[in-house]
Each structure stands twice: as structure tokens, then as C-alpha cells.
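Structure at a glance
The residues making up each chain are set out below.
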Amino acid sequence: MMKICTGFIIGALALTGCKKEPANEAPANKAATNAMPTPVKAEPKPFEGAELANFYSDCTKAFNAGNMDALKACYATDAKTTFVDSVAFAAPLMGQGAIMASTTDFRTAFPDVTSTPQLILVNGRNIAAITLMVGTNTGAMKSPHGELPPTGKKFGQLQMHLTTVNVANQITEESWISDEGAMMAQLGMFENQGRPMMEKGMDGAPIIAVAANNEIETANLALARQATELFNKRDMVASMAMVADDAVESDQGSPADSVGKPAMEAGWKMFGAAFPDGKMTEKVLWAAGDYVLSMTEFTGTMTGDMGPMKKTGKPAKFMAAELLKYEGGKVKHLTRFYNGAQMAMQMGWMPAP
């Protein structure tokens, strides 16, 4: 969305007649009396709740249309963009100019790229969105490791986008979390057992939820925090008691969703056995409606096999973001994001760029 700040500069013309001024009245004082005051520039009204969700949607529309002027207005001049655990971009982009230059390069590589919000959560001035990013690589891709020729192939994947918006209605900080390995595999750059290309989004998208700071959200936050503690204790019985029988786990680093409690339990046991010392440390936790955003840092050493992947004895450290939907005090749907390429490099399954 293009932020429009309109200021009105009003000039005043002091008209004087031919009447002689009294000797004791200074002309400067007369002019000051007749001059119109300069109006104070009105600050934009800070967006709140659903307005912030609409702001986010409008900014994505500007991105999709390639309207760089409108998109630039979405960002503060000192905005910061972080690609969490990125293999390609280890350092954040600092400043509006750097962000727009990177966006232009990306759109050059993927001229038809679109980002379609599927779920938008708002809590205070924070926004968490699941967006479906789809595009065809018909241009050269720039990266810190060199320029890559176009593949002519298409990618489509869900990504997590976290933003903070200031009272001037501009993004001051944002973070993107996606599986670069799956994206590169979809583009034919290497083999990967991650998610196949996705083009169809969620039914009813975009779904919008705004924090009400009520008892339900407070209870859901407590459940999410308890789930992290139970994972660290490897209490699988108590963990699975917090999951609905027909729950769905949509892990973006896995080839397909796990549907139903038994499938989810099998996956959790396998991961826990591979990283017996694995621990999740809470970094961000907030709620909006029936949803909870949980960001944790995972640390652990792979001393056990994980399905067909044999133990490596190597340590892993990465960030994971989960959006959990609760229903009746139990997890109904869990969508997880992390950069599988970063983990694969740490485990030695994938060479560094």
C-alpha cells in the first residue's frame, strides 16, 4: 500500500490600506498580527487491528504488481529485513534502499512472482503471515555467491513473514522464514525430498485474526508454552494429549502433511530419537484469536537415525516458527517453518555454497 502524506502549505498575503500607521505602532508588529499561522503537518493515524491486516495485504498487492514506489512507501527509511537461517543471505538488509534493491533483483529473476497471503495474524503492531510465494525463474538470480543463470522452472511454497509496523504505518523490521532447499529443488538445482511445488492456497484465504487479549488467548499461550516444555522433557504421552485426534501437522520441510494424531506422534518420536538432547528455547510467543505464533531456537546433536537419514554425530542449531490453531484446548492444525537447507548443511548432507 502506498502511504500518502499530504501537507498543505498556506501562504498569506497581508493587505494594507493607504491609511497612515500611527507613529507608535511598529510595521513589523502589524504584519505579524495580520499573518496567518503556518499549519502543523498532520501525522497519519496509526493503523490498528484489521487496518494493519489491510495494510499488509495492500503492500503485497504492490509487490505483486511490481509497483516499486508503492512498495517502498511501506517501509521506513531505516527498515531491516532478515532472512532467517538463510544460506544465500547471511547478513540482514539494512535500510529502505537495500531492501528495494534486493526486491528489484528478485523480481528480475522471477518477473511473474506473486505473494498471496493465506493467514494474517495481528497482535499490537506485530503481523505474522503465511504467504504463498509462486514464480518462474526466467531471469538471472543474483546472490552473494555469484549470479545464477535462469532455470526456466517454477517454484511455489508457503513462507512465513513476520513484520513490525510503526505508528507512521511503515514496516520497521521484517523476517522471512522459508525452506531454501525445497525452493532450489523445485527449480531443478539439486535433488531434495522436501515439499513439491505448491500453487493452490488455503480455502477462504486470507484468513485474518486480530488479538483480543482475552481468556481464550491467554489459555492458548499457556498450552503452547507447556508443549515446548513437554517436548524438552520428551514426555510424549502428555504431548500427544494436547493434540486433537484429527489434527494436521504441515511441516514445510517435509514432503507432505502428517494427518491425524498417530502420524504426528510417529514423526515426533523419530525426530526426538535422532536428537535425544534436542531442546527448544522460546524466542517469540503471542496469540491472535484461535492462533498462537511460537518461535523457538532448536539446538541438539544428531546421535540417532532419523528415518532413512543416518546419524551424523553433528550438532544442529536453527530457528523454527510454528503457527498453531487451537480448538477446544487442543492443537487442531500446526504449520511449521524452518530453513531445511541450513540444517542439511550443518549435518553434512548438503555442501556449502
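Within each chain, residues carry numbers counting from 1 in the order of the written sequence. In view of the model being predicted, local features appear only for residues whose pLDDT reaches at least 70, and side-chain atom pairs are presented and counted only at 80 or more, with totals across whole chains, interfaces and linings using the full set of residues. The side-chain numbers reported here are obtained from all heavy atoms of the structure, hydrogens and water having been left aside.

A separate point is the overall build of the protein. Strands are runs of DSSP state E lasting at least 2 residues, helices are runs of H or I lasting at least 4, and numbering of each runs from the N terminus. Along its length, the protein carries nine helices and 15 strands. Summary of the burial criterion: residues with accessible area below 20% of their type's maximum are buried, those above 50% are exposed, and those between are partly exposed, where the area comes from a 1.4 Å probe applied to protein chains only. Buried positions account for 42% of the 353 residues belonging to the protein. Here, residues are in contact when the closest pair of their heavy atoms is within 4.5 Å. When contacts within the protein are restricted to residue pairs at least 6 apart in sequence, those whose partners lie at least 24 apart make up 65%. Total accessible area computed for the protein in this model is approximately 18,000 Å², and 58% of it derives from carbon and sulfur atoms. The accessible surface values rely on the Shrake-Rupley method and a 1.4 Å probe; as for residues, cover is taken only from the protein chains in view.

Our next topic: the pairing of strand β4 (residues 126-136). Within β4, 10 of the 11 residues are buried, leaving the element largely enclosed by the surrounding structure. In the sheet, strand β3 (residues 114-123) pairs with β4 via nine bridges, with the strands oriented antiparallel. In the sheet register, T114 faces β4, and the bridge partner there is V134. Whether two strands pair depends on DSSP finding at least two bridges between them. Looking at chain direction, β4 and strand β7 (residues 154-165) are connected through 11 bridges and run antiparallel. Bridge assignment links I130 to a residue of β7, and that residue is M160.

One fewer than the residue count of a helix, multiplied by 1.5 Å, yields its expected span. Compared with the 27 Å implied by 1.5 Å per residue over 19 residues, the 27 Å span of helix α6 (residues 215-233) between its first and last C-alpha is a close match. Residues of α6 that are buried: E217, N220, L223, A224, T228, L230 and F231. Projected down its long axis, α6 shows its buried positions confined to an angular sector of 165°, all on one face. With respect to the buried face of α6, the exposed residues turned more than 90 degrees away are E215, T218 and K233. Buried residues along α6 sit in contact with β9 (207-210), α7 (236-240), α8 (261-274), β12 (279-288), β13 (291-301) and β14 (315-327). Within 3.5 Å is the distance limit for a polar contact, defined as a pair of N or O atoms, with the added protein rule that one can donate a hydrogen and the other accept it, and that residues adjacent in sequence qualify only through two side-chain atoms. Capping of α6 at its N-terminal end is provided by N214; its side-chain oxygen lies 3.3 Å from the backbone amide nitrogen of I216. After α6 finishes, the residue R234 shows a positive phi value of roughly 60°. Each C-beta atom gives one direction from the helix axis, and the arc is the one those directions make.

Okay, the sheet that holds β14 next. The strand order across the open sheet formed by six strands is β11-β10-β15-β14-β13-β12, and the pairing between neighbours is mixed. Two strands bound the open sheet, and with one partner strand each, they are β11 (258-259) and β12. Here β14 pairs with strand β15 (residues 330-337) via seven bridges, running antiparallel. By the bridge assignment, Y326 is partnered in β15 with V331. For every element, the axis is a line fit to its C-alpha atoms; helices are fit only across the contacting stretch, and the angle between N-to-C directions ranges from 0 to 180 degrees. Along the sheet face, α6 touches β12, β13 and β14 and points at about 170° away from the line of β12.

Two modes of strand pairing occur in sheets, parallel and antiparallel, and in both the strands are linked by backbone hydrogen bonds. The sheet built from seven strands is open, its strands ordered β2-β1-β8-β7-β4-β3-β9 with mixed pairing. Only two strands of the sheet have a single neighbouring strand rather than two, namely β2 (93-94) and β9. Sitting on the sheet, helix α2 (residues 50-65) touches β3, β4, β7, β8 (171-177) and β9, and the angle it makes with β3 is about 165°. Contacts between helix α4 (residues 96-109) and the sheet are confined to β1 (75-83), β2, β4, β7 and β8, with β1 contributing the most and set at about 55° to the helix.

Moving on, we get to the state of the cysteines. By definition, disulfides here are pairs of cysteine sulfur atoms that lie within 2.5 Å. A full pass over the atoms with the stated rule returns one disulfide. In this model C59 forms its disulfide with C74; the gap between the sulfur atoms is 2.1 Å. Disulfide C59 to C74: torsion about the S-S bond roughly -105°, handedness left-handed. Remark: C74 occurs in the loop between α3 (68-72) and β1 and C59 occurs in helix α2; sequence separation between them is 15 residues. Classification of C59 by relative accessible area gives buried; the value is 7%.

Right, let's talk about the packing of aromatic side chains for a bit. Here a Phe, Tyr or Trp ring, Trp counted by its six-membered ring, pairs with any other such ring whose centre lies within 6.5 Å, and the pair is stacked when the planes are under 30 degrees apart, edge-to-face when over 60, and tilted otherwise. Inspection of every chain in the model, using the stated rule, returns nine aromatic pairs. Ring geometry for F271 against F298: centres 5.2 Å apart, planes inclined by 55°, an arrangement best described as tilted. Of this pair, F271 sits in helix α8 while F298 sits in strand β13, and the two are 27 residues apart along the sequence. Among the aromatic residues, those joined into a cluster by ring pairs are F271, F275, F298, F318 and Y338. Two conditions define a charge located above a ring, namely a distance within 6 Å from the ring centre to NZ of Lys or CZ of Arg, and an angle within 35 degrees of the ring normal. A cation over a ring is seen here: R107 above F63, with NZ or CZ 5.4 Å from the ring centre. Directly above the aromatic system of F231 lies the positively charged group of R234, at a separation of 4.5 Å from the ring centroid.

Residues enter patches when their relative accessible area tops 30% and they take part in no salt bridge; the joining distance is 9 Å for like charges and 5 Å for the nonpolar side chains Val, Leu, Ile, Met, Phe, Trp and Tyr. Put simply, a salt bridge is a Lys or Arg side-chain nitrogen that is within 4 Å of an Asp or Glu carboxyl oxygen. Together, L148, M189 and F190 make up an exposed nonpolar region whose accessible area comes to about 210 Å². Looking at the element boundaries, M189 is found in the loop between α5 (180-186) and β9. Classification of M189 as partly exposed rests on a relative accessible area of 30%.

Attention now moves to unusual backbone geometry. The step from A205 to P206 runs through a cis peptide bond, and the omega angle for that step is 0°. Relative to the helices and strands, P206 is located in the loop between α5 and β9. For D85, which is not glycine, the phi dihedral falls at a positive 55°. Within the secondary structure layout, D85 lies in the loop between β1 and β2. Relative accessible area serves as the criterion here: at 22%, D85 is assigned to the partly exposed category. For R234, which is not glycine, the phi torsion reads 60° and is therefore positive. Within the secondary structure, R234 is located in the loop between α6 and α7.

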